Amino acid sequence: MSTTTISVTGETPYDVTIGRDILDGVSAALDPGVRKVLVVHPPTLAARAAELRDRLLSDVANGPREVLLAEVPDAEQGKRIEVAAFCWQVMGQADFTRTDAVVGYGGGAVTDLAGFVAATWLRGVQLVQVPTTVLGLVDASVGGKTGINTAEGKNLVGAFWAPRAVIGDLDELASLSPNEATAGFAEVVKAGFIWAPEILDIIEADPARAVDTTTPEFRRAVELAIDMKAQVVSDDFREAGQREILNYGHTLGHAIEHAERYRWRHGAAISVGMLYAAELSRLAGRLSDTAAERHRPILESLGLPTSYRAGAWPQLLATMQRDKKSRGGMLRFILLDDIAKPTVLQAPDESLLFAAYQEVGE
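Figured I'd write up the structure that's included with this text. Keep in mind the model is a prediction, meaning the values are calculated, not measured.

A look at the layout of surface pockets
- The calculated volume of the second largest pocket comes to roughly 510 Å³.
- Those elements that place two or more of their residues in the lining of the second largest pocket are helix H4 (108-120), helix H5 (134-140), helix H6 (178-194) and helix H11 (266-283).
- Considered class by class, the residues forming the lining of the second largest pocket number 11 nonpolar, 10 polar and eight charged.

Below, the structure written as structure tokens:
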């Protein structure tokens with residue numbers, strides 16, 4: 001199957017390449033002068049990371065290259081300052097210079113961490129992202145937002161740092177469990193609600209084929225989601241304006257992740273967050289009943305959760321008020337005026353927020 005190239009433009013342009021058996025593109029994306037590469041990966045990908053290292057070593061045409069592997073904890077446990085410090089230590093002991101590079105090889109948490117390490121080492125070295133999960137492919141690896149978590153919340157420490165390239169090898173998704181693939185697909189669903197309704201049509205036509213990583217329907221939905229994000233971040237790299245729409249479902253979703261100590265998958269939390277945002281949109285008089293009610297059957301047809309503990313509301317509200325999306329202490333939510341028509345609601349009344357939560361609390 002041929003490759004698809006989606007370009008991210010703006011101040012630091014790069015391409016997202018989607019296809020199969022395209023890992024040779026990692027080496028091609030690096031400058032010829034790169035002599036040291038750190039491949040950041042989770043334990044589950046240790047053997048495949050070693051294969052990627054061998055590829056990077058064999059592709060050198062301009063002198064010797066050293067490729068080091070940094071194995072980090074999987075999922076959100078890897079997005080900690082202690083883990084970033086471990087990567088910095090490896091780079092420091094190997095004398096990495098500003099002309100060297102980091103490769104993020106794993107899911108969204110790994111690419112977030114790798115991007116943060118690349119952005120902060122010597123104030124920035126080259127970065128290539130190789131996402132191996134659906135979430136990593138459509139969301140975390142595209143857009144240049146990097147970050148780690150703190151005890152107070154998710155992604156509160158981070159940097160904007162664009163990669164040289166994103167290599168989206170669909171063969172890397174083959175080993176994903178159905179649950180993991182579906183959880184990651186929540187970000188694709190989000191793209192359907194805020195930008196590309198064709199995604200929603202694909203899901204409603206056949207949910208099983210939509211999340212099957214081997215089908216044309218899955219590839220089409222993923223490419224639509226990546227194209228959406230590429231267009232948005234090209235115009236607003238540092239989230240000063242339109243990029244904020246990508247936070248649909250994320251204000252409550254991040255609070256749920258924090259409450260669960262990141263034991264919930266990101267996509268599962270965002271699923272509940274989207275249903276909440278849809279209900280908030282309806283109660284605020286912005287979204288029709290028909291559009292709001294389209295959320296639940298789509299999410300449930302994919303096996304994504306649509307409810308959370310009713311008694312957790314005070315804790316969730318407190319966490320949302322600390323969220324990095326707040327401005328001047330005022331909560332901000334991305335809502336919908338209609339499908340594919342996102343808008344901002346600032347400083348909503350707490351009674352309205354609580355009323356909307358009744359739709360997802362159980």
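From this point, the discussion proceeds with the structure in view.
Considering the sheet that holds strand E2 (residues 14-19)
- In space, the seven strands of this open sheet follow the order E1-E2-E9-E6-E5-E3-E4, with mixed pairing throughout. Sheet topology places strand E1 (4-8) and strand E4 (66-71) at the edges, where each strand pairs with a single neighbour. Direction aside, neighbouring strands of the sheet carry axes that sit 15° apart on average.
- Pairing of strand E3 (residues 36-41) with E4 involves six bridges; the strand directions are parallel. In the strand pairing of E4, leucine 38 is matched with leucine 68.

Overview of the environment of valine 188
- Looking at the secondary structure, you find valine 188 in helix H6.
- Residue classification places valine 188 among the buried positions, given a relative accessible area of 0%.
- In this structure the C-alpha to C-alpha distance between valine 188 and leucine 200, which are 12 residues apart in sequence, comes to 9.2 Å.
- In contact with valine 188, other than residues within four places in its own chain, are Val134, Val138, Ile199, Ala221, Val222 and Ala225.

What about empty space enclosed by the protein?
- Using the criterion set out here, one finds five cavities of 30 Å³ or more in the structure.
- Taken as a whole, the largest cavity spans an internal volume of roughly 70 Å³.
- Those elements that provide at least two residues to the lining of the largest cavity are strand E8 (153-160) and helix H10 (250-259).
- Broken down by class, the residue content of the lining of the largest cavity amounts to two nonpolar, four polar and five charged.
- If you add up the space inside the second largest cavity, you get close to 50 Å³.
- Val138, Asp139, Glu187, Lys190, Ala191, Ala225, Met228, Lys229 and Leu246 are the residues that line the second largest cavity.
- The set of elements that each furnish at least two residues to the lining of the second largest cavity consists of H5, H6 and helix H9 (216-235).

What counts, and where the lines are drawn
Residues numbered from 1 in each chain as written. Predicted model: local features only at pLDDT ≥ 70, side-chain atom pairs only at ≥ 80, totals over all residues. Heavy atoms only, no water. 1 Å grid on protein atoms, 1.4 Å probe; cavity = no way out; pocket = protein on both sides within 12 Å on 5 of 7 lines; lining within 4 Å. Points joined across faces, edges and corners; volume = space filled by probe spheres on them. Helix = DSSP H or I, 4+ residues; strand = E, 2+ residues; numbered from the N terminus. Nonpolar A, V, L, I, M, F, W, Y, C, P; charged D, E, K, R; others polar. Pairing = 2+ DSSP bridges. Axes fitted to C-alpha atoms, helices over the stretch in contact; angles between N-to-C directions. Buried < 20%, exposed > 50% of the residue type's maximum accessible area, 1.4 Å probe, protein only. Contact = heavy atoms within 4.5 Å.

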